[in-house]
Amino acid sequence: MVMGELPMETEVLVIGGGPGGYAAAFRAADLGLDVTLVSDEARLGGVCLLRGCIPSKLLLEMAGLRLAARASAEHGLRFGEPELDLNALHQWKEEVVGKLSRGLDTLCEQRGIQRIQGRARFAGPDKVHIDNSESPSVTFRHAIIATGSRPRSLPDIEIRPDSRIMDSTGALALKDLPETLLVIGGGYVGLELGLVYASLGSRVTLVQSGERLLPPADADLVKVLSKHIEPLFEAVHYNSRATAMTEENNSVKVTITGENDSREERFEHVLLAVGRQPNSDDLELEQAGVKTDKADAIITDQQCRTSNENIFAVGDIAGGMLLAHKAMYEGKVAAEAIAGKPAAADARAIPAVVYTEPQLAWCGLSEEEAGEGRCVLRYPWKANGRALTLNAGYGLTKLLIEEQSGRVLGMGIVGPQAENLIAEGVLAIELGAIAEDFALSIHPHPTLSETVSEVAELFMGVATHFKR
């Protein structure tokens, strides 16, 4: 822990050391404000770096390599059966996480940010008490709450370190590869971690309460993903729930109830991936006059300001899309608002990425949100040369375009490298670009990025490699 001669008063108090918290602290310090950052963890980075985004992507990269090795055998390049060393994999994960976290420490020091390790709770509109700290209380002029969220559980289910029922944190730290795994939840966490274990050799069953995976994404994109990811699982049960779970005899007995039947199955481990909840319940927010909504998220305005005009909230604690890049964006907005700069969280296109195999990404409006007066265009990757060299002819690039003006309203991509391709759509929507801007921008050939220009050309009726 970096520790200085901490004053009992500070201009800006940041509560939370995750992406929203450290981004807010860094920006506020760059603007010349006196900043103190309080976190109950010794390392900066929050869930995203320490137990979420970064560790999961590292494991997904390994899973992708194994799947690619299997697929290459069909095209003349054959490898021996991969040998899995989970200890080495976890060691690499810790090296990556440690390097990034130490980098954040250095950036904190360079900016002169004071750090306190401990749990902050409000003791008034301008004061916090800090548990387990050498500095028991701090008075602030402004505060930014960035305490994030945690995995939800199911009623009467307790996640314990020794339990075979685990959340995403436990799944990323598991030391042995389970022979069987039940994943409850068909959102991005369930799909990503389910794919990791399925590709590494576990027999994975997935239970989804709805009729399809990834409810926030457009159905046509999810259909492509489902077709490729379902065969990797032992089974996928839609419109189903786990209605009972009991740990016994080194396994978990689970009752899976569908629309028309109910069955009992045993699994070595169960992963709960049923969403996340804001970490707002132990902050004593009422002492500061900070209001929350029905989901326990802090209510904020466009400047991320709460019902206490001197307190701001950013990231998962403020609800909305629970994404690290949204938290960082809001953290900077809050810092700039405190510094008196014109600032507002008014992004028109926050991208979402699911790092499965294939990847799925989207930004801007969905089909349902776009409503009438919009044109939906899809460009199949079977018409793209680079996609075929990647064995990804199943992929799809989609644009939602306002018919009258040609303005780009939304974009969706399913296929390899979607995580990078979606950025072009984000920029276009933020700039108010029209389809013709995409079409007249020369994209390199042969690349997957050509699908973006060609789907725009479909709108103009001049697409070269595909005719609708």
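Caption draft 1: View of the overall build of the chain. Scanning the chain from terminus to terminus reveals 13 helices and 22 strands. Expected size for 468 residues packed as a compact globule is a radius of gyration near 23 Å; at 24 Å, the chain falls within 12% of this value. With the principal axes as the frame, the chain shows a C-alpha extent of 65 × 65 × 45 Å. A burial count over the chain gives 50% of its 468 residues as buried.

Caption draft 2: Molecular detail of the packing of helix α1 (residues 19-30) against helix α8 (residues 324-338). As a packed pair, α1 and α8 sit with axes 7 Å apart at the nearest point and diverge in direction by 30 degrees. In this view, α1 runs roughly parallel relative to α8, as classed from their interaxial angle. Our pair here, α1 against α8, has a crossing hand that is right-handed. Of α8, the residues touching α1 (which contributes Pro19, Gly20, Tyr22, Ala23, Ala24, Arg27 and Ala28) are Ala324, Ala327, Met328, Gly331, Lys332, Ala335 and Glu336.

Caption draft 3: Layout of the side chain of Ser39. In this structure, Ser39 sits in strand β2 (residues 35-39). Look at Ser39 and you get buried, because its relative accessible area is 9%. One polar contact links the side chain of Ser39 to the main-chain amide nitrogen of Glu41, over a distance of 3.2 Å. Not counting residues up to four positions away in its chain, the partners in contact with Ser39 are Gly16, Gly17, Ile116, Gln117 and Gly118.

Caption draft 4: Inspection of the packing of aromatic side chains at higher detail. For the coordinates displayed, the defined rule picks out three aromatic pairs. Ring plane angle 80 degrees and centroid distance 6.1 Å describe the contact between Phe122 and Phe140, whose orientation is recorded as edge-to-face. Here Phe140 lies in strand β6 (residues 137-145) and Phe122 lies in strand β4 (residues 119-124), a separation of 18 residues in the sequence. We note that Phe122, like Phe140, is buried. Residues Tyr379 and Phe466 carry aromatic rings whose centres are separated by 5.8 Å and whose planes lie at 70 degrees to one another, so their mutual orientation is edge-to-face. Placement of Tyr379 in strand β20 (residues 374-380) and of Phe466 in the segment after α13 (450-460) is noted, with a sequence separation of 87 residues between them.

Caption draft 5: Inspection of the pairing of strand β21 (residues 396-402) at higher detail. Within β21, six of the seven residues are buried, leaving the element largely enclosed by the surrounding structure. Pairing between β20 and β21: seven bridges, direction antiparallel. Bridging across to β21, Pro380 finds its partner in Leu396. In this sheet, strand β22 (residues 408-414) lies alongside β21 in antiparallel orientation, the contact comprising six bridges. Counted as the bridge partner of Thr397 is Ile413 from β22. In sequence, β21 turns back onto β22 through a hairpin of five residues, with Gly406 there showing a positive phi of about 80 degrees.

Caption draft 6: Region of interest: the confidence of the model for the chain. Overall, the prediction assigns the chain a mean pLDDT of 94, with 99% of residues at 70 or greater. In this model residues 1-7 is a low-confidence stretch, pLDDT under 50, and it forms 16 contacts with partners more than four residues away in sequence or in other chains.

Caption draft 7: Layout of the state of the cysteines. For the structure on display, the rule yields one disulfide. Across the disulfide from Cys48 sits Cys53; the S-S distance is 2.5 Å. On the sign convention where negative is left-handed, the bridge of Cys48 and Cys53, at about -125 degrees about the S-S bond, is left-handed. Here Cys304 is not disulfide-linked; the sulfur of Cys48 is the nearest cysteine sulfur, at 18 Å.

Caption draft 8: Summary view of the pairing of β22. Of all seven residues in β22, seven are buried; the element is thus mostly enclosed. As paired elements, strand β19 (residues 360-364) and β22 share five bridges and run antiparallel to each other. Opposite Trp362, over in β22, you have Gly412 as the bridge partner.

Caption draft 9: Representation of the environment of Val314. Turning to its location among the elements, Val314 is positioned in the loop between β17 (311-313) and α8. With relative accessibility at 1%, the residue Val314 sits in the buried group. Between the C-alpha atoms of Val314 and Asp34, which are 280 residues apart in sequence, the distance is 19 Å.

Caption draft 10: Up close: the pattern of salt bridges. According to the stated counting rule, one finds 28 salt bridges in the structure shown. Between Arg43 and Glu94 there is a salt bridge, with the nearest N and O atoms lying 3.9 Å from each other. Residue Arg43 is located in the loop between β2 and α2 (46-51), and its partner Glu94 is located in helix α4 (residues 86-111); the two are separated by 51 residues in the primary sequence. On the basis of relative accessible area, Arg43 is assigned to the partly exposed category, the value being 34%. With a closest N to O distance of 2.8 Å, Asp261 and Arg263 form a salt bridge. A relative accessible area of 27% means that Arg263 is categorised as partly exposed. Taken together, the salt bridges that share partners define one network made up of Asp218, Asp220, Glu367, Arg374, Arg378 and Lys398.

Reading guide: rules and limits
Residues numbered from 1 in each chain as written. Predicted model: local features only at pLDDT ≥ 70, side-chain atom pairs only at ≥ 80, totals over all residues. Heavy atoms only, no water. Helix = DSSP H or I, 4+ residues; strand = E, 2+ residues; numbered from the N terminus. Rg over C-alpha atoms; globule rule 2.2 N^0.38 Å. Buried < 20%, exposed > 50% of the residue type's maximum accessible area, 1.4 Å probe, protein only. Axes fitted to C-alpha atoms, helices over the stretch in contact; angles between N-to-C directions. Parallel < 35°, antiparallel > 145°, perpendicular 65-115°, else oblique. Left-handed = near helix turned anticlockwise from the far one by under 90°. Contact = heavy atoms within 4.5 Å. Polar contact = N/O pair within 3.5 Å; in protein donor to acceptor, adjacent residues only side chain to side chain. Phe/Tyr/Trp six-rings, centres within 6.5 Å; stacked < 30°, edge-to-face > 60°. Pairing = 2+ DSSP bridges. pLDDT = per-residue confidence, 0-100. Disulfide = S-S within 2.5 Å. Salt bridge = Lys/Arg side-chain N within 4 Å of Asp/Glu carboxyl O.

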